[in-house]
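# An overview of the molecular structure
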Protein chains: 2
Amino acid sequence: MKILVTNDDGINAVGLARLAEAMAELGEVAVVAPDREMSAVGHALTLHHPLRASCVGERRFAVDGTPTDCVNLGIHSLLGFKPDLVVSGINRGGNLGDDVTYSGTVSAAMEATLMGIPAIAISLVTMNDGEHYRSAAQVALDLARHLIGNGLPVDTFLNVNVPDLPLEQIGKPLVTTQGKRRYEGTIVDKVDPRGRNYYWIGTADLRFQDIEGSDFHAVSRGHVSVTPLHLDLTNHSSMPKIASWFSG
Amino acid sequence: MKILVTNDDGINAVGLARLAEAMAELGEVAVVAPDREMSAVGHALTLHHPLRASCVGERRFAVDGTPTDCVNLGIHSLLGFKPDLVVSGINRGGNLGDDVTYSGTVSAAMEATLMGIPAIAISLVTMNDGEHYRSAAQVALDLARHLIGNGLPVDTFLNVNVPDLPLEQIGKPLVTTQGKRRYEGTIVDKVDPRGRNYYWIGTADLRFQDIEGSDFHAVSRGHVSVTPLHLDLTNHSSMPKIASWFSG
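Everything quoted here is computed from the prediction, not taken from an experiment.

Once that is clear, we can look at the sheet that holds strand β2 (residues 28-34) of chain B. All names here are of chain B. Pairing in this open sheet of nine strands is mixed, and the strands run β3-β4-β2-β1-β5-β6-β7-β11-β8 from one edge to the other. Two strands in the sheet have a free side with no partner beyond their single neighbour: β3 (53-57) and β8 (171-175). Direction aside, the axes of adjacent strands within the sheet are offset by 20° on average. Pairing geometry for β3 and strand β4 (residues 60-63), over four bridges, is antiparallel. Residue pairing in the sheet places G57 in a bridge with R60 of β4. Against the sheet, helix α3 (residues 104-114) touches β1 (2-6), β5 (85-92), β6 (119-125), β7 (156-163) and β11 (223-230), its axis set at about 170° to β6. Contacting β5, β6, β7 and β11, helix α4 (residues 133-150) runs over the sheet at an angle of about 155° to β6.

Below, the structure is given as structure tokens:
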């Protein structure tokens, strides 16, 4: 089988290397990743200017675009084949709760799903550099085997978060819901050397609600969190109430 | 009341001007918008470099960032107040089906929702420049009045698509589900004047499935489509099946 590996931390990230090594146990691995860090770019697709791709090794490409660009360009042009599986990561830092909508790592898996390709996004939950990428790589390999054996529901992919612990200390995978976070926005407002104002968006206070069954709840108790995400954002249960606005 | 208006087509877009004019009937309008076109940037947030904001009129700012940046920076710094409503648009072109995850317009409304502020994303469904922004502006005003009177469910915002028709030819609003599109990716692969390859992502073939009750179904029959979107991407119904992978 053929596996495309990508990420949002860039082509030289440790997590990408560990993930590609692990996936090689399943088949032929190709890597298409951003040529620099591209975190928090969401599901951005570059439509308004051209992209460059450098071949930096055997079946290994660096693209001057977003993770979504990498999946799109990789599959439609660079690789010359449609992979059987796309795995995105291992991200340096968790992608939990509402953060998934900002995440380049998660969006790469979303892009694969839009193309009808099974996908996993995997992140190591750490606030610093992260030590246990090998743990997360083993988790990714185990999950990929489950996925290949069982398949996934239509338009659904897995968002996986792994505690930054030695493998033997990590609890079994729990299937979780996307948690809730409230962003306490902070803007740094300063003056540059030329006397002009600039602003820097910060996300100082990373607080998650400790909801039972959520991704954050599982990871904070040492378990692997496996959240099935899908592409339908419709709040179906709210539809009758909103329809009543127009029935008068 | 105070209303923040933003978009992804940029500060000089016609749709933004029409929307701000309409919203002025409800209260005090502030505009914070990208200084250039920023479509298809998804829910990208600029974390790795500073942002600039230019005051280009009374309560009117142009930011060198994404629509998500505009909402974040506007509310946390530039405006000095938390608006009662955020309206994003009027986008040149529909934001239907799976496209919502790429959309800067929709992501601006998502960002407001993350901050707990009611939000509407509104788009004029046109493949060219669009003629009937005033129709869409009137639709936005009517919907904003409904929203203020009735409120929205928690973590939910409205994604509104309006046919490019004179107001009197537009059918009543239908509450719809997010439709389905399959992307037929096309990459333009060419050689630049210096002999190096470049790639340009195209989305030539915009095909939607004509699913009854969907956003595309409503708009293609001349109705306003109102889709309640929420922030929870969890595919709840798939959880037991995936949990069974780990129960052995």
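The next point concerns the nonpolar core. V32(A), V86(A), F157(A), V32(B), V86(B) and F157(B) are the most contacted members of the largest nonpolar core, which has 70 residues in total. Setting aside its immediate chain neighbours within four residues, V32(A) contacts L4(A), V5(A), T6(A), F61(A), V63(A), C70(A), G74(A), L78(A) and L79(A).

As a further point, take the UniProt feature "binding site: a divalent metal cation" (unreviewed entry) in chain A. This chain's UniProt record puts "binding site: a divalent metal cation" (unreviewed entry) on D8(A), D9(A), S39(A) and N91(A). The annotated residues occupy 84 residues of the chain but converge on a single region, no pair of C-alpha atoms lying more than 9.1 Å apart. By secondary structure assignment, the location of S39(A) is in the loop between β2 (28-34) and β3 (53-57). Under the relative-accessibility criterion, S39(A) is labelled buried at 16%. Leave out the neighbours within four places in its chain, and S39(A) touches D8(A) and H48(B). For S39(A), the side chain forms a polar contact with the side chain of E37(A), separated by 2.6 Å. Among the secondary structure elements, N91(A) is positioned in strand β5 (residues 85-92). In this structure N91(A) touches D8(A), D9(A), T105(A), I122(A), S123(A), L124(A) and Y133(A), once residues within four positions along its chain are discounted. Within the local environment of N91(A), its side chain forms a polar contact with the side chain of T105(A), the two groups lying 3.0 Å apart.

Thresholds applied
Just so you know, the residues in each chain are numbered from 1, in the order the chain's sequence is written. Written order determines the labels here, with chains lettered from A and ligands numbered from 1. Only residues with pLDDT of at least 70 get local features here, since the model is predicted, and only at 80 or more are side-chain atom pairs given and counted; chain-wide, interface and lining totals rely on the full set of residues. Hydrogens and water molecules were not included; the side-chain quantities draw on all heavy atoms of the structure. Should DSSP find at least two bridges between two strands, the strands are regarded as paired. What counts as a helix is a DSSP run of H or I of at least four residues, what counts as a strand is a run of E of at least two, and both are numbered from the N terminus. Every axis in this analysis is a line fitted to C-alpha atoms, fitted for helices over the stretch in contact. Angles between the N-to-C directions lie between 0 and 180 degrees. Two residues form a contact once any of their heavy atoms are found within 4.5 Å. Take the buried Ala, Val, Leu, Ile, Met, Phe, Trp, Tyr and Cys residues and link them wherever side-chain atoms come within 4.5 Å; each set so joined is a nonpolar core. Each residue gets one of three labels from its accessible area relative to the maximum for its type: buried under 20%, exposed over 50%, partly exposed in between, using a 1.4 Å probe on protein chains only. UniProt positions are given in the numbering used here, feature names are shortened, and annotations may be inferred rather than shown by experiment. In the analysis that follows, any N or O atom pair within 3.5 Å is treated as a polar contact, provided that within protein one partner can donate a hydrogen and the other can accept it, and provided that, for residues neighboring in sequence, both atoms belong to side chains.

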